[in-house]
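Here's the letter readout for the chains.
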Amino acid sequence: MSSMNPNLVFLNSFLDVSDETFSKLKNIAKYKKLEAGELIAKPGEMPNNIYMLVSGMMRAYLSSENGKEFNKNFFMPFSFVGSLTALIQNQPSKLTYEALTLCRVYEVSFQDILALCKSDINISNLYNRILENVYVKYEERQLELISMDAKARYISLRKKVVNIDELIPQYQIASYLSITPVQLSRIRRKIKREE
């Protein structure tokens, strides 16, 4: 039964998606496996696709002139990953989007999605809901950065991604929290003592 399909269940968390709408989306989606380290968008390049992450973990990061990386976002299943600002504005990506672990994704051409939005109000509504969700998550992240201290941000991240410490290197986590790896080890030691 299609209602048991986890991808449909995920889409239904935004909006009630009919089997017909789901099959239209399936027709334009390509299933792919991404190896750890594989990139789906690079700075200066025009992106074409958006990805629905089904398993694994991805990140979006900014590289500075001197090669330092700043993690802007982590993505876990189920979520939409891609250089959305660049796609919407039809401009090159400013960020790099990378698979941190082996990932399974559905790749969809952004133009195909827009074309479907014009012809199908259900897909248009779904697209709007997804954009709303992306915006809400973005604002949550901004508020965390300005209202929480580093320890609280780390605890919040561990709640979202329970096994984050086993999944990716410490420097990646520290970068996401806007702290140094040394500060992160101090925070981790402090939490261990409190547990």
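What this report covers is the structure whose coordinates are included nearby. On a predicted model such as this, the values are computed, not experimentally measured, just so you know.

Within the protein chain, the secondary structure is distributed over nine helices and eight strands. By the compact-globule yardstick of 16 Å for 195 residues, the protein chain fits well, its C-alpha radius of gyration being 18 Å. The dimensions of the protein chain, computed from C-alpha atoms along their principal axes, are 55 × 40 × 30 Å. When each of the 195 residues of the protein chain is scored for burial, the buried share is 40%. Intrachain contacts of the protein chain at a sequence separation of at least 6 include 70% that bridge at least 24 residues. Between the mean site of the 26 positive side-chain charges and the mean site of the 21 negative ones, the protein chain shows a separation of 6 Å.

On to unusual backbone geometry. Here the phi dihedral of N90 falls at roughly 55°; this positive angle occurs in a residue that is not glycine. In the Ramachandran plot, S178 falls in the positive-phi region, its phi being about 60° despite a non-glycine side chain. Secondary-structure assignment places S178 in the loop between α8 (170-176) and α9 (181-194). The class for S178 is exposed, based on a relative accessible area of 51%.

Quick look at the sheet that holds strand β5 (residues 69-75) now. A sheet is described by the order of its strands in space; here four strands give the open sequence β2-β7-β4-β5, paired in antiparallel fashion. Every other strand in the sheet has two partners, leaving β2 (39-41) and β5 as the edge strands with one partner each. Here the average twist between neighbouring strands, direction ignored, is 30°. In the sheet, strand β4 (residues 58-63) pairs with β5 via six bridges, with the strands oriented antiparallel.

Of all seven residues that make up strand β3 (residues 49-55), five are buried, and the element is covered over most of its length. Bridge count between β3 and strand β8 (residues 103-109): six bridges; the pairing is antiparallel. When the sheet's bridge partners are listed, I50 is paired in β8 with V108. Bridge count between β3 and strand β6 (residues 79-81): three bridges; the pairing is antiparallel. Within the sheet, the bridge partner assigned to Y51 lies in β6 and is V81.

All right, on to the environment of A29 then. As for its placement among the helices and strands, A29 is situated in strand β1 (residues 29-34). Ignoring any residue separated from it by four or fewer positions in sequence, one finds A29 in contact with Y106, E107 and V108.

The subject of this paragraph is the layout of surface pockets. The method is simple in principle: a probe with the dimensions of a water molecule rolls over the atoms, and the space it marks as empty is what remains. Computed from the structure, the largest pocket encloses a volume of approximately 1000 Å³. Lining the largest pocket are 40 residues, and of these N73, F75, V134, K137 and Y138 sit closest to its centre. Secondary-structure elements contributing two or more residues to the lining of the largest pocket are β5, β6, α3 (84-89), α5 (121-147) and α6 (150-160). Ranked by residues supplied to the lining of the largest pocket, first place goes to α5 with 10 residues. Across the lining of the largest pocket, the residue classes break down as 24 nonpolar, nine polar and seven charged. In this structure, the second largest pocket occupies an estimated 390 Å³ of space. Around the second largest pocket, the lining is made up of 20 residues, and of these L25, M52, F80, V108 and I113 lie nearest the centre. Elements supplying a minimum of two residues to the lining of the second largest pocket: α1 (6-12), α2 (19-28), β3, β8, α4 (110-119) and α5. Considering every element that reaches the lining of the second largest pocket, the biggest residue donor is α5, with five residues.

So, how was this worked out
Residues numbered from 1 in each chain as written. Predicted model: local features only at pLDDT ≥ 70, side-chain atom pairs only at ≥ 80, totals over all residues. Heavy atoms only, no water. Helix = DSSP H or I, 4+ residues; strand = E, 2+ residues; numbered from the N terminus. Rg over C-alpha atoms; globule rule 2.2 N^0.38 Å. Buried < 20%, exposed > 50% of the residue type's maximum accessible area, 1.4 Å probe, protein only. Contact = heavy atoms within 4.5 Å. Lys, Arg positive; Asp, Glu negative; His and termini not counted. Charge placed at Lys NZ, Arg CZ, Asp CG, Glu CD. Pairing = 2+ DSSP bridges. Axes fitted to C-alpha atoms, helices over the stretch in contact; angles between N-to-C directions. 1 Å grid on protein atoms, 1.4 Å probe; cavity = no way out; pocket = protein on both sides within 12 Å on 5 of 7 lines; lining within 4 Å. Points joined across faces, edges and corners; volume = space filled by probe spheres on them. Nonpolar A, V, L, I, M, F, W, Y, C, P; charged D, E, K, R; others polar.

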